[in-house]
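Architecture at a glance
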Amino acid sequence: MPDLDRTFAALGDPVRRALVTRLAHGDATVGELAAPFDLTPQAISHHVGVLRRCGLVEQRREGTRRPCRLRADQLALLGTWIDEQRRAWHDRLDALDRHLTDEEGTR
């Protein structure tokens, strides 16, 4: 399981969420990632570093290029955790609803 605190903190930044969204469509270099933003490639590189450290992005060397790739497996682990929490809350709410319905029937 990824470090949830670090991952959710990383995704709390709108630029990093936009980078994850962009990388979901395919690999890109820092320069390509920086193009739609009014940020320097160095600033984007910092954001990519945060995403790398939490395990959502990996970078590799291809000659002089260093494309970034989204680690969809790590993103899927976050989705699994969220789904588990959603199921637990639905179960709790269903139990509360049954309890309240039972109480109304005894009045």
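Residues numbered from 1 in each chain as written. Predicted model: local features only at pLDDT ≥ 70, side-chain atom pairs only at ≥ 80, totals over all residues. Heavy atoms only, no water.

On the surface, a cluster of positive charge is made up of Arg 52, Arg 53, Arg 61 and Arg 66. Relative to the helices and strands, Arg 52 is located in helix α4 (residues 41-53). (Patch = residues over 30% accessible without salt bridge, like charges linked within 9 Å, V, L, I, M, F, W, Y side chains within 5 Å. Areas by Shrake-Rupley, 256 points an atom, 1.4 Å probe, with all protein chains shown as cover. Salt bridge = Lys/Arg side-chain N within 4 Å of Asp/Glu carboxyl O. Lys, Arg positive; Asp, Glu negative; His and termini not counted. Charge placed at Lys NZ, Arg CZ, Asp CG, Glu CD. Helix = DSSP H or I, 4+ residues; strand = E, 2+ residues; numbered from the N terminus.)

For any pair of aromatic rings, geometry is given as the distance between the ring centres together with the angle between the planes. Tallied over the full model, the rule gives one aromatic pair. Seen from their ring centres, Phe 8 and Trp 81 are 5.6 Å apart, and the 55° between their planes marks the pair as tilted. Remark: Trp 81 occurs in helix α5 (residues 72-105) and Phe 8 occurs in helix α1 (residues 4-11); sequence separation between them is 73 residues. Overall, Phe 8 belongs to the partly exposed group, its relative accessible area being 34%. The aromatic ring of Trp 89 is capped on one face by Arg 92, whose charged end is 4.9 Å from the ring centroid. (Phe/Tyr/Trp six-rings, centres within 6.5 Å; stacked < 30°, edge-to-face > 60°. Buried < 20%, exposed > 50% of the residue type's maximum accessible area, 1.4 Å probe, protein only. Lys NZ or Arg CZ within 6 Å of the ring centre and 35° of its normal.)

Grouped together as the largest cluster of nonpolar side chains are 21 residues, with contacts concentrated most on Leu 33, Ile 44 and Val 48. Going through the elements one at a time, α1, α2 (14-23), α3 (30-34), α4 and β2 (68-70) are the ones with two or more residues in this core. When residues no more than four places from it in sequence are discounted, the contact partners of Val 48 are Leu 19, Val 30, Leu 33, Val 57, Gln 59 and Cys 68. (Core = buried A, V, L, I, M, F, W, Y, C linked by side-chain atoms within 4.5 Å. Contact = heavy atoms within 4.5 Å.)

Along the polypeptide, Asp 38 turns up in the loop between α3 and α4. Using a relative accessible area of 82% as the deciding quantity, one classes Asp 38 as exposed. Measuring from C-alpha to C-alpha, the distance between Asp 38 and Arg 52 comes to 22 Å, with 14 residues separating the pair along the chain.

Turning next to the packing of α1 against α5. Two numbers describe how α1 lies on α5: the axes approach to 12 Å, and their chain directions differ by 100°. When the axis of α1 is compared with that of α5, the two are roughly perpendicular. Listed contacts from α5 to Leu 4, Thr 7, Phe 8 and Leu 11 of α1 are Leu 78, Trp 81 and Ile 82. The residue makeup of the contact of α1 with α5, split by class, is six nonpolar, one polar and no charged. (Axes fitted to C-alpha atoms, helices over the stretch in contact; angles between N-to-C directions. Parallel < 35°, antiparallel > 145°, perpendicular 65-115°, else oblique. Nonpolar A, V, L, I, M, F, W, Y, C, P; charged D, E, K, R; others polar.)

Now for the pattern of salt bridges. Taken as a whole and judged by the stated rule, the model has six salt bridges. Arg 69 is the partner of Asp 27 in a salt bridge, and the nearest nitrogen-oxygen pair spans 2.9 Å. Linking Asp 27 in the loop between α2 and α3 with Arg 69 in strand β2, this pair joins segments that are 42 residues apart in sequence. Residue Arg 69 is classed as partly exposed on the basis of its relative accessible area of 34%. Within the structure, one salt-bridge network assembled from shared partners comprises Asp 27, Arg 60, Glu 62 and Arg 69.

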